[in-house]
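Here are the chains, one letter per residue:
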Amino acid sequence: MDGPVVTAARQALEVADVDLVLPFVPAEAEAEVRAAYDRVMPIRDTGPQVRETAELWFFETVVRLHRAGEGAPYTGLRPAGLSVGPVIPLAERAIESGSSEQLGDYLTNVLRDELERRLDAVRDLAVHRARSMEDERRYVQAMLGYEVYSHHLYGAMRATDHHEAGAHTHAE
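Rules of the game
Residues numbered from 1 in each chain as written. Predicted model: local features only at pLDDT ≥ 70, side-chain atom pairs only at ≥ 80, totals over all residues. Heavy atoms only, no water. Buried < 20%, exposed > 50% of the residue type's maximum accessible area, 1.4 Å probe, protein only. Helix = DSSP H or I, 4+ residues; strand = E, 2+ residues; numbered from the N terminus. Arc of directions from axis to C-beta. Contact = heavy atoms within 4.5 Å. Core = buried A, V, L, I, M, F, W, Y, C linked by side-chain atoms within 4.5 Å. Axes fitted to C-alpha atoms, helices over the stretch in contact; angles between N-to-C directions. Parallel < 35°, antiparallel > 145°, perpendicular 65-115°, else oblique. Nonpolar A, V, L, I, M, F, W, Y, C, P; charged D, E, K, R; others polar. Patch = residues over 30% accessible without salt bridge, like charges linked within 9 Å, V, L, I, M, F, W, Y side chains within 5 Å. Areas by Shrake-Rupley, 256 points an atom, 1.4 Å probe, with all protein chains shown as cover. Salt bridge = Lys/Arg side-chain N within 4 Å of Asp/Glu carboxyl O. Expected span 1.5 Å × (residues − 1).

Each α-helix turn comprises 3.6 residues. Residues three or four places apart therefore point the same way. Those residues of helix α2 (residues 30–40) lying buried are Val33, Ala36, Tyr37 and Val40. The buried residues of α2 occupy one face: seen down the axis, they fall within an arc of 100°. Relative to its buried face, α2 has exposed residues pointing more than 90 degrees away, namely Ala31, Asp38 and Arg39. On its buried face, α2 is in contact with α1 (4–14) and α3 (48–70).

Structure, rendered in structure tokens:
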């Protein structure tokens, strides 16, 4: 409820400007967002329960359409205050400051540690792989897992849109 999509939807309702939320949905969803907005605005002042229900429905509509634009399922609104992990705040700071140095350093360290941890597991399994077919299979699974993991990382790094990099988990 405190992610960028709901924040933009909330602002659109507060200042009576649907255009504030439209950049968060694909162009083909604009008419549906406008129609939802037009339904919600006149009833917001009929009482606190109606206002809350109408606004929640608008938020759900906008997030559902946003998620559809990413090719992701709508799984509901999440409560405010959930942790988004360490990367989103670093990315937000990079956008604000114009420097990706802190984010790059953090991600580089995490990547290096994760690659090394996974490679250590492959090396450990390689030592005993000849003992049995089961050990050989464990080694092959780890070796292929390391290669596929690396390939997916490369794909995420080369992705041009945020939804190409994998599942979108930032709070809506």
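A few words now on the nonpolar core. Val21, Val25, Val33, Phe58 and Val62 are the most contacted members of the largest nonpolar core, which totals 21 residues. Elements represented by at least two residues in this core include exactly α1, α2 and α3. Once you skip the residues sitting within four places of it in the chain, Val33 turns out to touch Val18, Val21, Leu22, Val25, Phe58, Val62 and Leu65.

Right, let's get into the environment of Glu14. With respect to the helices and strands, the residue Glu14 is situated in helix α1. Accessibility expressed as a relative area gives 58% for Glu14, which makes it exposed. Sequence separation of Glu14 and Val63 is 49 residues, and the distance between their C-alpha atoms is 17 Å.

A few words on the packing of helix α4 (residues 87–97) against helix α5 (residues 101–127). Where α4 meets α5, the closest approach of the two axes is 8 Å, and the angle between their N-to-C directions is 150°. Compared by their axis directions, α4 and α5 come out roughly antiparallel. Where α4 approaches α5, its residues Val87, Leu90, Ala91 and Arg93 are matched on the opposing element by Gln102, Leu103, Tyr106 and Leu107. Looking at the contact of α4 with α5, its residues break down into 6 nonpolar, 1 polar and 1 charged.

Our next topic: a nonpolar patch on the surface. A contiguous nonpolar surface patch, about 230 Å² in accessible area, is contributed by Tyr106, Leu107 and Val110. Take Tyr106: it is sitting in helix α5. Residue classification places Tyr106 among the partly exposed residues on the basis of a relative accessible area of 32%.

Once that is clear, we can look at unusual backbone geometry. A positive phi angle is found at Ala16, which is not glycine, with a value near 55°. Tracing the sequence through the fold places Ala16 in the loop between α1 and α2.

Time to look at α3. Spanning 23 residues, α3 covers 33 Å between terminal C-alpha atoms, matching the ideal 33 Å at 1.5 Å per step. Of all the positions in α3, only Ala54, Glu55, Phe58, Phe59, Thr61, Val62, Val63, Leu65, His66, Arg67 and Glu70 are classed as buried. Buried residues along α3 sit against α1 and α2. Following α3 by one or two positions, Gly71 has its phi on the positive side, about 80°.

A few words now on the pattern of salt bridges. Overall, the coordinates contain 15 salt bridges when judged by the stated rule. Between Arg64 and Glu32 there is a salt bridge; the shortest N-O distance is 2.6 Å. Taken together, the residues span a long stretch of sequence, with Arg64 in helix α3 and Glu32 in helix α2 at a distance of 32 residues. Classification of Arg64 as partly exposed rests on a relative accessible area of 33%.

Without other data, these values stay purely geometric and don't point to any function.
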